[in-house]
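# Results of the structural survey
Listed below are the residues making up each chain.
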Amino acid sequence: MHHKIGLYGKRFITGFIGFTSQLRMKGAEVAQNAEKISNKGPRSLANRMLLLQFFWAVAVYILVIAAMWYAASSVIESSLRNQAEGWVGKLDEIGIPYYVSSSRAKVKEGFNDLRNFQEVVGVRYLDANGKDVVVEYNRRGEDKTGFLKIDTDARKKISAELAAQGRPILYEKGDDDRIRVLAPLMVKSIASDGLLNFSLDSTIREKKEIIGYISIILDYGFATRQLHDSLLYASAIIAVLMVLAAFVGRVMIRWALQPLSRLEEPLSRLANGEIDVTVESTGDHEIVQIGRALNTTIGALRERDEALRRLANHDALTGLCNRSYFSELLEKEIRRIGEAGGSSALFFFDLDRFKHINDTYGHAAGDRLLVQIAEVLRKRLREDDVLARFGGDEFVALVRNVNRKRAQEIGAELVNKMQEFTFYEGVDAIKIQFSVGITIITDGRATPHHYLKQADMAVHEAKAQGRNRYFMYEPDISATEGDYDSGWYERLKEAIQQEMFRFYYQPLVGLKGQQNNLFEVLLRLPDTRHGVIVPGGFFPALERFGLMAEMDRYVLRKAFQVLEGVKDENYVLSVNCSGHIFDDFEFTALVGQLLAEHAVKPQQLILEVSEQTAVRHLERLKPVVQRLTSLGVNFAIDDFGAGFASFSYIKQFPVQCLKIHGTLIERIALDMVDRITVTSIVTMAKELGIETVAKFVPNEETLSLLREIGVDYAQGDYLGEPNPDLKVQRPRLSVVK
Amino acid sequence: MYRRLPYLVLLLSLLAACSHEQPKFIEQPVPAKVAQPVVVAPIAAPPSAEVAILVSSNIPAYNEVADALTARLGARAFTWRLQESPEQNLKLLADIAKSQRSQVVAIGLDAALTAKKLVDKQVIFCQVFNYGDEQLPSAMRKGVGMLPSFGKSFAAWKAISPGLKQIAIITGPGLDEYVKKAKEAAKANGITLLHREVNSDMELLVEYKNIANKVQGYWLWPDNRVLSNVVMREVLTFSMRSGKQVVVFNDDLLELGGMISITSDYKDIANNVIKRLELAEGKTTIPGPVIEPLDVANLRINTLMVKRFGLTVPSKYRKYLDAP
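What comes next is a walk through the structure. (Residues numbered from 1 in each chain as written. Chains lettered and ligands numbered in written order. Predicted model: local features only at pLDDT ≥ 70, side-chain atom pairs only at ≥ 80, totals over all residues. Heavy atoms only, no water.)

Turning to helix α3 (residues 86-98) of chain B, a few remarks are in order. All names here are of chain B. Between its first and last C-alpha, α3 extends 18 Å over 13 residues, near the 18 Å set by a 1.5 Å rise per residue. All of the buried residues in α3 are Asn 89, Leu 92, Leu 93 and Ile 96. Projected onto a plane normal to the axis of α3, the buried residues spread over an arc of 100° and lie on a single side. Seen from the open side of α3, the exposed residues pointing more than 90 degrees away from its buried face are Glu 87, Leu 90, Lys 91 and Lys 98. Elements that come into contact with the buried residues of α3 comprise β1 (51-55), β2 (77-81), β3 (103-107) and α4 (109-115). (Helix = DSSP H or I, 4+ residues; strand = E, 2+ residues; numbered from the N terminus. Expected span 1.5 Å × (residues − 1). Buried < 20%, exposed > 50% of the residue type's maximum accessible area, 1.4 Å probe, protein only. Arc of directions from axis to C-beta. Contact = heavy atoms within 4.5 Å.)

So this is what it looks like as structure tokens:
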């Protein structure tokens, strides 16, 4: 019996484990499908907790029901066994007279009592061999029960256990919730003759003799059915309670997680880029901590955003708006005027002789001047007005809500203010003047470029009329030839986009037997009237119209295409870059991208930056140069030595080449100071491992001298004029050693 | 003369007291757990021949008798005790057989069965209940009863329960002599004794219940063949429930519902053995009955059961009262 129960138990457990595995896999599959279908993104924490809770509750429920089922079944069986022992005792008393006396009538009486107990299906009293039935009882309707003879093994087992147990009882489980109980009927006698050593306190040795067997068949189906029904009811009640608990649990979990849920909305907004968000930091300790941390982070993000915005929208030197930001504000003002009416004024300021001051006193002085000019203008203008630096020495101001007359008054005031201004540099006191161009904004349909163009034309007119004055734009202003052409912006824009610029290549001749073919790239803009326009003719416009960065990228792409087309690693192109590469984050990435896309070695490219630009933007230049040289690209400082430069800044970043200013080379044969200057430059460069290039070499004598000094390369029309065909260029044979 | 009459009465009383026969029951000051022995009448001198005493095992029922015999026989008694090993017992038997002792006392069934192998020795067995099953009695082998004096037993029972008229004894087969004497003694005391013979403990239980409505009490004899631990308890429980008086063979059974415990006396057994030995000395057969009945009965009365039955113990038996 015990073996069968254990077997059933193992089968049940195995089946249960298999069932839960399938359930788990099915649940995961359902969850996956649900996630795919819903497309609502990640699950919520509350739902996850609820789901886990639900599955756990179901698992516990199944385990509990299974345990209850098993326990109850065991209890029933155990109870039946106990009952069986009682029945054996009772039936033993009923049946014994049949074996030991002639009082058999009482046996029948005892059987009548059995009819009151429905669980007794049948009783058989068997002889001592267990084969023949001495007397039997069957429940009404029962004829055969399927258990008849007692086999030899059972008899042996009973006999073997007889000595150990008071009355051995065998249980045999049958079909239809029935068990058969088999027990021997015995007579006993005390072994001691005369009971002379009898004592209640001691064990009496007895002899036992089996005189027959009693076989009882008990039916526990009724109890089992009752158990099943009870368990079903209990299961249903538990299931209802669990659903209720799940519902309540859901509500409670949601309530408990409410502080977290409230964070969802501000965090979503934060994820979408909104930093004007405040997270609630009240309530539970953890939520308070999270809220504070988030608010601190958001505050830091706002500050950083503001700083970046400032950086993106303002000039680093003067703190004024930059071109792009000013253009935005100008556009808004134009729209406003278009909607609300009225007028505003656009002022264009151009400092007179700023280049002279820069060249005379150095770039640092030039920067200080610009800062002071900016301050002067800022003080004069109102809070509502916008002042911008358009690069170089150009300032632009938007003065809101003024008419023509007032704008002229302001213009006159500013000119007078500037006339009063004195710039002090060292012991020198320098008077600064500027030219002011003014245009009135009245048309809400016009573009910012339209009004900037007008202001620019006006300032040119002011310059043309003698400077140190203002000029109000009139529609009949004619453009100054060579300085401005109507539609210049569009023309330059188109030239870049359509790649209309011509590339000319001027050779840099090696004075020490170098094998590489080194060329400087020079641009020319085709012109129907002049043939080509040199860079001096269109670079200021490029600067003014904010097209320099685009130009730099265009020239770079073109240089890579040319080098790849040459298919010779000895060809090196030197490309001029504007100061905008320091602000253009895409430039460095573009260099890397072009190196990857084209079969060009990084050593085939030299990027030139003017000394003026390098000194002015030293801190911003350093990381850019380091990034570019890390790619293997070479860097050169152009027009070196013309200003108050020193080698101190050269040491701060990797420069491979110095191109000595042409003014130091042109008269080197005649001017001792120039010669000494060049010699010292070359000597220091050599010590630092930097190559030198002498520009504007005019003749052989100069060339020989440069060779003596130790210059590495020479460049000039004498050695080779700029030519559009790269392959045609060959340096003069006489200079090749 | 009339003035001397009281003195005469007093003198006659004194003389009567002196000549009054000693009661067979020894008065004991306080009834103890163990039944008190009884003083017997003056006995004859023990026989002169040496006697071999063979004891079955080391239990008080045997040892006490052996000691009593030894005390009476003195140097004439030689005691052997049966061993666990059959070989040793054979040697012991051989020694007895070779010895000059022509009389053997076998105490207990095992000793009697062992002594049965002695062909030319007179054997008196005692403390043997089922002598019939083992076919012990013969011309040279006779016994002394194990059960106490039936006459005294019934007399005491009747005195305690005067309304007692019918009792039953249920035993196994082969105890006809005992039963016959018991019936006689019962009849002499106005009691009808019903005897039923059964073959197993269960049958005893069935018969016990079957005749319950015919009797007022039972005398439970120590017939181990038809008694088991369960049945003994069962019958006593049944008796208590059905209000039957039960005389038991052991003081311990008073705790289970027996009303009176009557046991034999070891010295009485010894004396009767010696009496048989001296009567048999020098004869070719042992004279007298197969089983010599005992003269003494030791009593112990269950106070609670007596109260339960509403009985009054006569004064002469009150000293045997004891609540278990």
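Interfaces are often described in size by the accessible area the parts lose on coming together. If you look at the interface, chain B gives 32 residues, while chain A gives 25 residues. A combined buried area of about 2,200 Å² lies between chain B and chain A, and 61% of that area is made up of carbon and sulfur atoms. The three residues of chain B that bury the most area against chain A are B:Met202, B:Asn224 and B:Asp252, which together make up 23% of that side's buried surface. On inspection of chain B and its partner chain A, the count reaches zero salt bridges. Counting every contact that joins chain B to chain A gives six residue pairs in polar contact (both at pLDDT 80 or more). At the level of secondary structure, the elements contributing two or more residues to the side of chain B that touches chain A comprise α2 (60-73), α7 (201-210) and α8 (229-242) of chain B. (Buried area = accessible area lost by both parts, 1.4 Å probe. Salt bridge = Lys/Arg side-chain N within 4 Å of Asp/Glu carboxyl O. Polar contact = N/O pair within 3.5 Å; in protein donor to acceptor, adjacent residues only side chain to side chain.)

In this section: the environment of A:His363. All names here are of chain A. Mapped onto the fold, His 363 is located in helix α11 (residues 363-380). Linking His 363 and Ala 614, residues 251 residues apart in sequence, is a C-alpha distance of 10.0 Å. Aside from chain neighbours lying at most four places away, what touches His 363 is Asn 358, Glu 611, Gln 612, Val 615 and Arg 616.

Residue and element names in this part refer to chain B. If you walk across this open sheet you meet the seven strands as β7-β6-β8-β9-β10-β12-β13, and the pairing is mixed. A single partner strand is all that each edge strand has here, and the edge strands are β7 (192-197) and β13 (321-322). Pairing analysis gives six bridges linking strand β6 (residues 166-171) to β7, with the strands arranged parallel. Within the sheet, the bridge partner assigned to Ile 167 lies in β7 and is Leu 193. In the packing of helix α5 (residues 150-160) onto the sheet, the strands contacted are β6, β7, β8 (217-219), β9 (245-248), β10 (260-263) and β12 (298-302), and the crossing angle to β8 comes to about 155°. Its contacts with the sheet put α7 on β6, β7, β8 and β9, and the angle it makes with β6 is roughly 165°. (Pairing = 2+ DSSP bridges. Axes fitted to C-alpha atoms, helices over the stretch in contact; angles between N-to-C directions.)

All right, on to the packing of aromatic side chains then. Applying the stated criterion to the full structure yields 22 aromatic pairs over all chains. An angle of 65° between the planes, with centres 5.9 Å apart, marks the rings of A:Phe198 and B:Phe249 as edge-to-face. Within this pair, whereas A:Phe198 is found in the loop between β4 (178-190) and β5 (206-219), its partner B:Phe249 is found in the loop between β9 and β10, the two belonging to separate chains. Here A:Phe198 and B:Phe249 have matching classes, each one buried. Aromatic pair B:Phe150 and B:Trp219: ring centres 5.8 Å apart, planes at 85°, arrangement edge-to-face. On the criterion of sequence distance, the pair formed by B:Phe150 in helix α5 and B:Trp219 in strand β8 is long-range, its members being 69 residues apart. The same class applies to B:Phe150 as to B:Trp219, namely buried. Clustering of aromatic rings is evident, with ring pairs tying together B:Phe125, B:Phe129, B:Tyr131, B:Phe150, B:Phe154, B:Tyr178, B:Trp219 and B:Trp221. Note that A:Arg524 overlies the ring of A:Tyr504, its terminal NZ or CZ placed 5.3 Å from the centroid. (Phe/Tyr/Trp six-rings, centres within 6.5 Å; stacked < 30°, edge-to-face > 60°. Lys NZ or Arg CZ within 6 Å of the ring centre and 35° of its normal.)

All names here are of chain A. Together, Ile 237, Leu 241, Leu 244, Phe 247, Val 248, Val 251 and Met 252 line one region of the surface with nonpolar side chains, adding up to about 700 Å² of accessible area. Its location among the elements puts Val 248 in helix α5 (residues 221-256). In this structure Val 248 comes out as partly exposed when scored by relative accessible area, which is 38%. (Patch = residues over 30% accessible without salt bridge, like charges linked within 9 Å, V, L, I, M, F, W, Y side chains within 5 Å. Areas by Shrake-Rupley, 256 points an atom, 1.4 Å probe, with all protein chains shown as cover.)

Turning to the environment of A:Ala191, a few remarks are in order. Looking at where A:Ala191 falls in the secondary structure, it is placed in the loop between β4 and β5. Here the alpha-carbon distance between A:Ala191 and A:Lys207, two residues 16 residues apart in the chain, equals 6.2 Å. Excluding residues that lie within four positions of it along the chain, A:Ala191 makes contacts with A:Arg205, A:Glu206, A:Lys207 and B:Asn224.

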